[in-house]
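So the chains spell out like this:
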Amino acid sequence: MKLRKLNHLPSGRDEWLIPKEALISVAILETFNPESRLLIECGVLNGAYTLNILKNVLGSTAIGIDPFPNMSKLKARMLARMSGLKFDLLDSWNELNLSKQKASLIHIDGLHTEDAVYNDLVKATIHLHEGGVIVCDDYCQSIFPGVAIGYSKFILNFEYIPFLCTGSKAYICETRYHQSWLTRCTEALSMQSIIPWARHLGEGEDTPYVSMPLIKGYPTLLSWDYARASSTSDLLPVWPEQPPTNLIQLKD
Ligand SMILES: C[S@@+](CC[C@H](N)C(=O)[O-])C[C@H]1O[C@@H](n2cnc3c(N)ncnc32)[C@H](O)[C@@H]1O
């Protein structure tokens, strides 16, 4: 896994995606062979996350799951942005063909309630490629306590575990792949200097007195802050301004 400079970065008011998450998600999908680079995104809205994958990752294809309730104009605008890209939109998980290829990356960002997040995560396990990664958005935002509970319930009930937690997303894999994702991710973060990530007590001499965060006994990497973008950074030369999250934007 290697973090690299992206051709397309999220920008503008339609792009609800922190560039740091774009860099990490691309790096994860690029560890798979080009023919296995299928993304499923539950909750597409303006398509920021899916566009970031399709425009950056060679060979990638994407399936969006989103009923766009009362948002026909937004849906049409999103579909126009996807034109020419390998993208299909479905109303629900039930329309997914199980016999088709499984997804190496699944982004859960649909209805932000406890039950919906739990059910979406369970559905994701059925469609996940061997060794794939599920990304759960808003897993610990104070304005979405239901997401935190749905996500936690899933982690407690299933053999899945986060290997990286950022301020907005939890990166989850099957427990048996935890060590390999933890190692890959640690190496990728070690080879760059703009995305801050935490080292913990016992991991080195200059580490702060903060104990290693363990979930079900498994260590999790933490990358909480924004990237330190600077003009000298090749990885992220510009830190694009993010729009303020405004739920009114969800209206058509
Ligand atoms: C926070 S937005 C998604 C943002 C998007 N992932 C991005 O990168 O810009 C939530 C989306 O969930 C969708 N949604 C609502 N109910 C849903 C459901 N039952 N299943 C899947 N998606 C749903 C909404 O239509 C909306 O587009």
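Refer to the preceding data block for the structure.
Each value, and the rule that gives it
- Residues numbered from 1 in each chain as written.
- Predicted model: local features only at pLDDT ≥ 70, side-chain atom pairs only at ≥ 80, totals over all residues.
- Heavy atoms only, no water.
- Helix = DSSP H or I, 4+ residues; strand = E, 2+ residues; numbered from the N terminus.
- Buried < 20%, exposed > 50% of the residue type's maximum accessible area, 1.4 Å probe, protein only.
- Contact = heavy atoms within 4.5 Å.
- Areas by Shrake-Rupley, 256 points an atom, 1.4 Å probe, with all protein chains shown as cover.
- Salt bridge = Lys/Arg side-chain N within 4 Å of Asp/Glu carboxyl O.
- Pairing = 2+ DSSP bridges.
- Axes fitted to C-alpha atoms, helices over the stretch in contact; angles between N-to-C directions.
- Near = heavy atom within 4 Å.
- Polar contact = N/O pair within 3.5 Å; in protein donor to acceptor, adjacent residues only side chain to side chain.
- Nonpolar A, V, L, I, M, F, W, Y, C, P; charged D, E, K, R; others polar.
- Parallel < 35°, antiparallel > 145°, perpendicular 65-115°, else oblique.
- Left-handed = near helix turned anticlockwise from the far one by under 90°.
- Lys, Arg positive; Asp, Glu negative; His and termini not counted.
- Phe/Tyr/Trp six-rings, centres within 6.5 Å; stacked < 30°, edge-to-face > 60°.

Here the focus is the overall build of the chain. When helices and strands are tallied, the chain shows six helices and ten strands. Looking at the chain residue by residue over its 252 residues, the buried ones come to 49%. Taking the intrachain contacts of the chain between residues at least 6 apart in sequence as the baseline, contacts between residues at least 24 apart amount to 71%. Of the roughly 12,200 Å² of accessible surface on the chain, 54% is carried by carbon and sulfur atoms.

Applying the stated criterion across every chain yields a total of five salt bridges. We note a salt bridge from Glu114 to Lys153, for which the minimum N-O separation is 3.3 Å. Here the residue Glu114 occupies a position in helix α4 (residues 114–127), and Lys153 occupies one in helix α5 (residues 145–157), the gap between them amounting to 39 residues. With relative accessibility at 30%, the residue Lys153 sits in the partly exposed group. Across the salt bridge formed by Arg176 and Glu130, the nearest N and O atoms sit 3.1 Å from each other. With Arg176 in the loop between β7 (169–174) and α6 (178–190) and Glu130 in strand β5 (residues 128–137), this residue pair connects regions lying 46 residues apart in the sequence. Overlapping salt bridges bring together Glu130, Glu174 and Arg176 as one network.

Here the focus is the sheet that holds strand β2 (residues 61–65). Read across the open sheet, the eight strands follow the order β3-β2-β1-β4-β5-β7-β6-β10; overall the sheet is mixed. Here the strands that pair on one side only, and so sit at the sheet edges, are β3 (87–90) and β10 (221–223). Each strand of the sheet is rotated relative to its neighbour by a mean of 20°, with strand direction disregarded. Where strand β6 (residues 160–166) and β10 come together, three bridges link them in parallel fashion. Looking across to β10, one finds that Cys165 is bridged to Leu222. Those strands touched by α5 are β5, β6 and β7, and its axis lies near 140° from that of β6.

Moving on: the site of the ligand. The environment of the ligand is formed by 18 residues, the closest being Glu41, Gly43, Asp66, Met71 and Asp109. In this structure, an oxygen atom belonging to the ligand sits 2.7 Å away from a side-chain N or O atom of Asp66. Taken by itself the ligand offers 600 Å² of open surface, and the protein chains cover 87% of this. Breaking the shell around the ligand down by element, the ones donating at least two residues are β1 (38–42) and α2 (48–56). Partitioned by chemical class, the residues of the shell around the ligand number eleven nonpolar, four polar and three charged.

At a minimum axis separation of 7 Å, α4 and α5 run at an interaxial angle of 40°. Between α4 and α5, the crossing angle belongs to the class labelled oblique. The two elements α4 and α5 meet at a crossing, and its hand is right-handed. Across the interface between the two elements, Glu114, Asp115, Val117, Tyr118, Leu121, Val122 and Thr125 from α4 touch Gly146, Val147, Ile149, Gly150, Tyr151, Lys153, Phe154 and Asn157 from α5. Of the residues belonging to the contact of α4 with α5, the class tally is eight nonpolar, four polar and three charged.

Quick look at the side chain of Arg37 now. Structurally, the position occupied by Arg37 is in the loop between α1 (19–29) and β1. Nearest to the buried, unbridged Arg37 among oppositely charged side chains is Glu30, at 5.2 Å. At 2.9 Å, the side chain of Arg37 and the backbone oxygen of Leu58 are in polar contact. Residues in contact with Arg37, not counting those within four places in the same chain, are Leu29, Glu30, Phe32, Val57, Leu58, Gly59, Ser60, Thr61 and Gln101.

Before going further, it helps to spend a moment on the packing of aromatic side chains. Within the structure shown, the criterion is met by six aromatic pairs. An angle of 65° between the planes, with centres 5.3 Å apart, marks the rings of Tyr139 and Tyr151 as edge-to-face. Pair noted here: Tyr139 is in the loop between β5 and α5 and Tyr151 is in helix α5, with a separation of twelve residues, a long-range link. For Tyr151, a relative accessible area of 8% puts it in the buried group. Between the aromatic rings of Phe154 and Phe158, the centroid separation amounts to 5.0 Å while the plane-to-plane angle is 20°, which identifies the pairing as stacked.

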